[in-house]
Amino acid sequence: GAAVGEGGGGSVVGLLISRTLASPLANLAGAARAFAAHDWSRRVKVGGLAETAEVAEVAHAFNDMADALQHGETLRRNMTADIAHELRTPLTPIRGYVEALSADDADPEDSQRFLATIARHTERMDRPVKTLLRPARPDARPEPTAVTAARPTSLAQPARAPPTRPPLGPPP
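The structure presented is a predicted model; accordingly, all values stated were derived computationally and were not measured.

Q: I keep staring at unusual backbone geometry and nothing clicks. Help me out?
A: Of all residues except glycine, most have a negative phi; of all peptide bonds, most are trans. For H38, which is not glycine, the phi torsion reads 70° and is therefore positive. Examined against the element boundaries, H38 turns out to sit in the loop between α1 (2-36) and α2 (53-102). Looking at H38, the relative accessible area reads 55%, which means it is exposed.

Q: Please explain the packing of aromatic side chains as it appears in this structure.
A: Note on aromatic pairs: each is described by the distance of the centres and the angle between the planes. Per the counting criterion, the structure on display carries three aromatic pairs. Plain terms: the ring middles of F35 and F62 are 5.9 Å apart, the flat faces sit at 75° to each other, and that makes the pair edge-to-face. Note that F35 is positioned in helix α1 and F62 in helix α2, a separation of 27 residues in sequence. Of the two residues, F35 and F62, both sit in the buried class.

Q: Which parts of the structure should I look at to understand the side chain of H121?
A: Note on placement: H121 falls in helix α3 (residues 108-133). The exposure class assigned to H121 is buried, which follows from its relative accessible area of 16%. Look past the residues within four positions of H121 in its chain and what remains in contact with it is P90, P93 and I94.

Q: Which parts of the structure should I look at to understand the confidence of the model for the protein chain?
A: Reading fine detail from the predicted coordinates is not recommended where pLDDT is low. Residues of the protein chain with pLDDT of at least 70 account for 71%, and the chain-wide mean is 76. At the low end of the mean pLDDT range in the protein chain sits helix α4 (residues 152-156), at 44; at the high end sits α2, at 88. Across residues 150-172, confidence stays below pLDDT 50; counting only partners more than four residues off in sequence or on other chains, it has 37 contacts.

Thresholds applied
- Residues numbered from 1 in each chain as written.
- Predicted model: local features only at pLDDT ≥ 70, side-chain atom pairs only at ≥ 80, totals over all residues.
- Heavy atoms only, no water.
- Helix = DSSP H or I, 4+ residues; strand = E, 2+ residues; numbered from the N terminus.
- Buried < 20%, exposed > 50% of the residue type's maximum accessible area, 1.4 Å probe, protein only.
- Phe/Tyr/Trp six-rings, centres within 6.5 Å; stacked < 30°, edge-to-face > 60°.
- Contact = heavy atoms within 4.5 Å.
- pLDDT = per-residue confidence, 0-100.

Structure representation (structure tokens):
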């Protein structure tokens, strides 16, 4: 009877320890899923009694990646808004000139001037379009990024207390 009681208690303690150790990884997985669902603000809390140095390093790497991707998303949104503005701005006068040219009593001199203005505005619209399409060209080189790799050897080291900020680059 006592052996069953002790075995059952050991199983409960083992389950608690297992859940405590798995918790940081579950939090990381949850943050990754939230990020995949476009929750760009999600970060992983680093630290805790059960967290190993390796888990802390992965959490820091995730947060660094999340920061870089969130920054990239902010740049993309700003660029999209800027390009939309750059395209919309010349459309208003072009519309007005087209209406004036469509009038039955359009003066030929005015018509030539309006056509030249329309051509100037369409050239102005072409610049942001070229800027937008440049990264999509097959021969386009990706923009340089500041990415550093984690040291694979750190994953093979025994568990220890997490450092204040684990190194992510190659050893010095």
